[in-house]
Amino acid sequence: MKTEAKIQQEMVVWFRNNYQRLDKGVIFSIPNERAGGYMAMKDLLLTGLLSGVSDIIVILKGKVLFIEVKNEIGKQSTNQIKFQKQVENLGFNYYLVRDLETFKKIILSNSQVVTY
């Protein structure tokens with residue numbers, strides 16, 4: 001079974017090779033892991049740390065997608081579910097993705113096809 005980190009790496013590499021390098025979109029993650037020590041956590045919270053934020057954010061023309069990566073047995077935490085509800089209530093798309101092929105389908109279905 002692949003780790004969530006490996007699945008996420010595959011998605012980022014595919015996207016960067018097929019979209020970002022062609023200026024069709026941007027993909028990024030915000031490391032949102034717990035830091036050691038009380039003061040470090042307090043400082044991170046004050047500078048914007050938000051528990052439950054999706055693993056990846058994808059910006060396409062006119063769209064922002066929030067992608068949570070889980071392996072085949074992974075489950076969302078309570079904070080991740082709360083973040084998903086907040087994002088969806090604001091009108092954005094949030095996806096729970098477990099493999100590269102599903103991610104590709106999501107990107108392709110949200111990309112605007114330009115014809116000349």
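As the structure is a prediction and not an experimental result, all values here were calculated from the model.

*Asks:* Lay out the pairing of strand 2 (residues 56-60) with the relevant residues and their values.
*Replies:* Across the five residues of strand 2, four count as buried, placing the element largely inside the fold. Sheet topology places strand 1 (residues 25-28) next to strand 2; four bridges connect them, and they run antiparallel. Residue pairing in the sheet places Gly25 in a bridge with Leu60 of strand 2. In this structure, the hairpin formed by strand 2 and strand 3 (residues 63-69) is closed by a connection of two residues, where Gly62 is found at a positive phi of approximately 75°.

*Asks:* Describe the side chain of Gln8, and please don't skip the residues or the numbers.
*Replies:* In this structure, Gln8 sits in helix 1 (residues 4-18). Beyond its immediate sequence surroundings of up to four residues, Gln8 is in contact with Ser29, Asp55, Ile56 and Val69.

*Asks:* Lay out the nonpolar core with the relevant residues and their values.
*Replies:* Ranked by size, the top nonpolar core spans 18 residues in total, and within it Met11, Phe15, Ile56, Val58, Ile67, Phe103 and Ile107 carry the most contacts. Contributions of two or more residues to this core are made by helix 1, strand 2, strand 3 and helix 4 (100-110). Those residues in contact with Met11 that lie beyond four places of it in its chain are Ile27, Ile56, Ile67, Val69, Val97, Asp99, Leu100 and Phe103. Formed by six residues, the second largest nonpolar core is a distinct cluster that contains Val53, Ile57, Val87 and Tyr94.

*Asks:* Describe the packing of aromatic side chains, listing the residues and the values that go with them.
*Replies:* According to the stated counting rule, one finds six aromatic pairs in the structure shown. Taken together, the ring pairs connect Trp14, Phe15, Tyr19 and Phe103 into an aromatic cluster. Lying over the aromatic face of Tyr19, Lys24 brings its terminal NZ or CZ to 6.0 Å of the ring centre.

So, how was this worked out
Residues numbered from 1 in each chain as written. Predicted model: local features only at pLDDT ≥ 70, side-chain atom pairs only at ≥ 80, totals over all residues. Heavy atoms only, no water. Buried < 20%, exposed > 50% of the residue type's maximum accessible area, 1.4 Å probe, protein only. Helix = DSSP H or I, 4+ residues; strand = E, 2+ residues; numbered from the N terminus. Pairing = 2+ DSSP bridges. Contact = heavy atoms within 4.5 Å. Core = buried A, V, L, I, M, F, W, Y, C linked by side-chain atoms within 4.5 Å. Phe/Tyr/Trp six-rings, centres within 6.5 Å; stacked < 30°, edge-to-face > 60°. Lys NZ or Arg CZ within 6 Å of the ring centre and 35° of its normal.

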